[in-house]
Amino acid sequence: MSLTVLMNAGPWLSVPPPGYGGIENVVATLVPALRRLGVRVVLASVGSSTLPVDERISVFADGQFAALQRPYNQVCGISQAHLAGVVRELHARDDIDLVHDHVEAVGLATLTAMGPDAPPVLHTLHWDLAKHPELYGGLDGGDRVRVNGVSAAQLARAPKALREHSVGHVHLATPLAIDAHRRPGVAKGEHVLVLGRITPGKGQDLAARLAQRVGFPLVLAGPVGPYHRPADLAAAGDDARLNPDVRFFHDEVARYVDGDRVRWVGTVAGRDRDELLAGARATLFPLRWEEPGGTAVVESLALGTPVVAIARGCLPELVEHGRTGLLTADEEELGDLVLAADLVEPDECRREAAARFTPAVMARRYVALYDQLRRRSTAP
Ligand code: UDP
């Protein structure tokens, strides 16, 4: 059965993303695996995207990520302009069997409003929505619009209207998991790594405090708001503090960053990221939010690095305590668990990733959901 999917990755970053990128990373992982299963993919993103696809549409030449710092109505304007392009395309042709949408709220409302003749829409939730029920108010579209989560925990917390439209969850994946069990082990260094946006929910302040108290070398990798390099943040003026993540870094994290035991290295990408991750003694997820999907978690397992984490959000679904990582609900115990991370077998982490978190596993799950939605939408 041939299938053409319009994959909407939004206007914010190119696909694959240049360094940090959540949704765009997921799309870049999923699309090649879907195409290997014979799915035709029309990618709606920005002109600078280089991911090989069957066709592409774009409204903006380049990613609009920097605009996310602008007032809310301008951000919505960009999102709407991008979606107008998607909708124009949907009206202009009849070969799109399904829309797989990754753009938050605004996108779904627009696609919902398209009427009964439009193709079915699968919307993947990427965020922890418990705190933002208003974003999905008035979700309708009957059987034409369905949502999936990236973990069972995320769906369980989602507003009722979303759960009623849910077709289940699909865990995230990483190309690093392909043949991960066959990869030779890498010598582990002393450092513990926190990989992700520097933001209160990811708990870098707790990681840094524990590193200083317990005495382990800690590397914090990831952007602080729009700043990818320490030098850029240092050169930024006072206005930078308008960004809550910049404030969090200055007020809660910076006091522990001594450039020796605790270092912030900015955003890491490509081979640098993989080497930092594979050589870490453990990755640490000192979560203060309900992590919805955790790409960095499955990447860590794929590279044979045990995960030490607060057992929140998707973590207990992705990590088995004692076998692929160590989990606790207790912030203070987290520091002791870091010291025990060597007890976890890197081979076991890689085997788990190769079995559960490959792009092929994710793509097969999505094709099953696409089929389910198409059957539903064509049922008499
Ligand atoms: N990432 C990266 N470089 C960094 C920090 C993060 O490449 O310095 C990547 C990370 O490897 C992962 C993604 O950005 O692929 C973050 O996704 P995740 O689901 O872990 O967190 P999110 O930021 O989407 O909540």
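Everything discussed here concerns the structure shown above.
Reading the values: rules and limits
- Residues numbered from 1 in each chain as written.
- Predicted model: local features only at pLDDT ≥ 70, side-chain atom pairs only at ≥ 80, totals over all residues.
- Heavy atoms only, no water.
- Buried < 20%, exposed > 50% of the residue type's maximum accessible area, 1.4 Å probe, protein only.
- Helix = DSSP H or I, 4+ residues; strand = E, 2+ residues; numbered from the N terminus.
- Arc of directions from axis to C-beta.
- Contact = heavy atoms within 4.5 Å.
- Polar contact = N/O pair within 3.5 Å; in protein donor to acceptor, adjacent residues only side chain to side chain.
- Pairing = 2+ DSSP bridges.
- Axes fitted to C-alpha atoms, helices over the stretch in contact; angles between N-to-C directions.
- 1 Å grid on protein atoms, 1.4 Å probe; cavity = no way out; pocket = protein on both sides within 12 Å on 5 of 7 lines; lining within 4 Å.
- Points joined across faces, edges and corners; volume = space filled by probe spheres on them.
- Domains from an automatic or database assignment.
- Near = heavy atom within 4 Å.
- Areas by Shrake-Rupley, 256 points an atom, 1.4 Å probe, with all protein chains shown as cover.
- Nonpolar A, V, L, I, M, F, W, Y, C, P; charged D, E, K, R; others polar.
- Core = buried A, V, L, I, M, F, W, Y, C linked by side-chain atoms within 4.5 Å.
- Salt bridge = Lys/Arg side-chain N within 4 Å of Asp/Glu carboxyl O.

Undergrad: Mind showing me how you'd approach helix α8 (residues 244–253) here?
TA: If you check which residues of α8 are buried, you get Asp-245, Val-246, Phe-248, Phe-249 and Val-253. Each buried residue of α8 sits inside an arc of 160° when the element is viewed along its axis, so together they form one side. Where α8 is buried, its residues touch α6 (204–215), β9 (218–221), α7 (230–235) and β10 (262–266). Two or three places before Asp-245, at the start of α8, stands the capping residue Asn-243, its side-chain oxygen 2.7 Å from that residue's backbone nitrogen.

Undergrad: Honestly, the sheet that holds strand β3 (residues 55–58) in this entry has me stumped. Any pointers?
TA: By definition, the strands of a sheet pair up through backbone hydrogen bonds, in either a parallel or an antiparallel sense. Within the open sheet, the seven strands sit side by side as β3-β2-β1-β4-β5-β6-β7. Their pairing is parallel. Edge strands, defined here as strands with exactly one partner in the open sheet, are β3 and β7 (166–169). Along the sheet, successive strands turn relative to each other by an average axial angle of 20°, direction set aside. Of the strand pairs in this sheet, strand β2 (residues 39–45) and β3 are connected by four bridges, and their pairing is parallel. Residue Leu-43 lies in a different strand from β3, and its bridge partner there is Arg-56. In the packing of helix α1 (residues 23–36) onto the sheet, contacts are made with β1 (3–8), β2 and β4 (98–101), and the angle to β2 comes to roughly 155°.

Undergrad: Whenever I open this one, the layout of surface pockets confuses me. Can you help?
TA: Think of a ball as big as a water molecule: rolled over the atoms, this probe shows where empty space is left. As a volume, the second largest pocket reaches approximately 150 Å³. Every residue lining the second largest pocket is listed: Leu-13, Pro-18, Gly-19, Tyr-20, Phe-65, Ala-66, Pro-226, His-228, Thr-267 and Ala-269. Each of domain 1 (3–173 + 358–378) and domain 2 (176–356) accounts for three or more of the residues forming the lining of the second largest pocket.

Undergrad: Sorry if this is basic, but what is going on with the site of the ligand here?
TA: Neighbouring residues of the ligand: 19 residues in total, closest Tyr-20, Arg-197, Lys-202, Val-268 and Glu-299. Glu-299 is positioned with one of its side-chain polar atoms (N or O) 2.6 Å from an oxygen atom of the ligand. Burial of the ligand by the protein amounts to 94% of the accessible area it has alone, namely 540 Å². Classifying every residue of the shell around the ligand gives six nonpolar, nine polar and four charged. Structurally, the shell around the ligand is a two-domain feature, drawing no fewer than three residues from each of domain 1 (3–173 + 358–378) and domain 2 (176–356).

Undergrad: It is not clear to me how the sheet that holds β10 should be interpreted in this structure. Could you clarify?
TA: One open sheet holds the six strands; their spatial order is β10-β9-β8-β11-β12-β13, and the pairing between them is parallel. Each of the sheet's edge strands pairs with one partner strand only, and the pair in question is β10 and β13 (325–328). Strand-to-strand, the axes of this sheet are offset by a mean angle of 20°, without reference to chain direction. One ladder, built from four bridges, connects strand β8 (residues 192–195) with β9; its direction is parallel. What sits directly across from Val-192, in β9, is Leu-218. Relative to β9, α6 is tilted by about 165°, and along the sheet it contacts β8, β9, β10 and β11 (282–285). In the packing of helix α9 (residues 270–278) onto the sheet, the strands contacted are β8, β9 and β11, and the crossing angle to β8 comes to about 135°.

Undergrad: Would you mind showing me how to read the nonpolar core here?
TA: In globular proteins that are soluble, nonpolar side chains generally tend to be buried together. Leu-218, Leu-284 and Leu-315 are the most contacted members of the largest nonpolar core, which totals 62 residues. For Leu-315, the residues in contact, after removing those within four places along its chain, are Leu-287, Glu-291, Val-297, Val-307, Ala-309, Ile-310 and Leu-327. Among the nonpolar cores identified, the runner-up in size contains 29 residues, and Val-5, Ala-33, Met-362 and Val-367 belong to it.

Undergrad: It is not clear to me how the side chain of Arg-281 should be interpreted in this structure. Could you clarify?
TA: Tracing the backbone through its elements, the reader meets Arg-281 in the loop between α9 and β11. Under the relative-accessibility criterion, Arg-281 is labelled buried at 14%. Engagement of the side chain of Arg-281 in a polar contact is seen with the side chain of Asp-342, the distance being 3.4 Å. Sequence-distant contacts of Arg-281, that is, excluding residues within four places in its chain, are made with Lys-188, Gly-189, Glu-190, His-191, Thr-305, Pro-306, Val-338, Leu-339, Ala-341 and Asp-342.

Undergrad: So what exactly am I meant to see when it comes to the pattern of salt bridges here?
TA: Side chains bearing opposite charge may pair, as long as their charged atoms lie close to each other. Taken as a whole and assessed by the stated rule, the structure comprises 29 salt bridges. Residue Asp-342 pairs with Arg-281 through a salt bridge whose shortest N-O separation is 3.4 Å. In this pair, Asp-342 is assigned in the loop between α12 (333–340) and α13 (346–356) and Arg-281 in the loop between α9 and β11, connecting sequence segments 61 residues apart. A salt bridge links Arg-356 to Glu-352, with the shortest nitrogen-to-oxygen separation between them at 2.9 Å. You can see Arg-356 and its partner Glu-352 sitting in helix α13, four residues apart, about one turn around the helix. Residue classification places Arg-356 among the partly exposed residues on the basis of a relative accessible area of 31%. What you see here is one network of salt bridges that share partners, running through Glu-320, Arg-323, Glu-348, Arg-351, Glu-352 and Arg-356.

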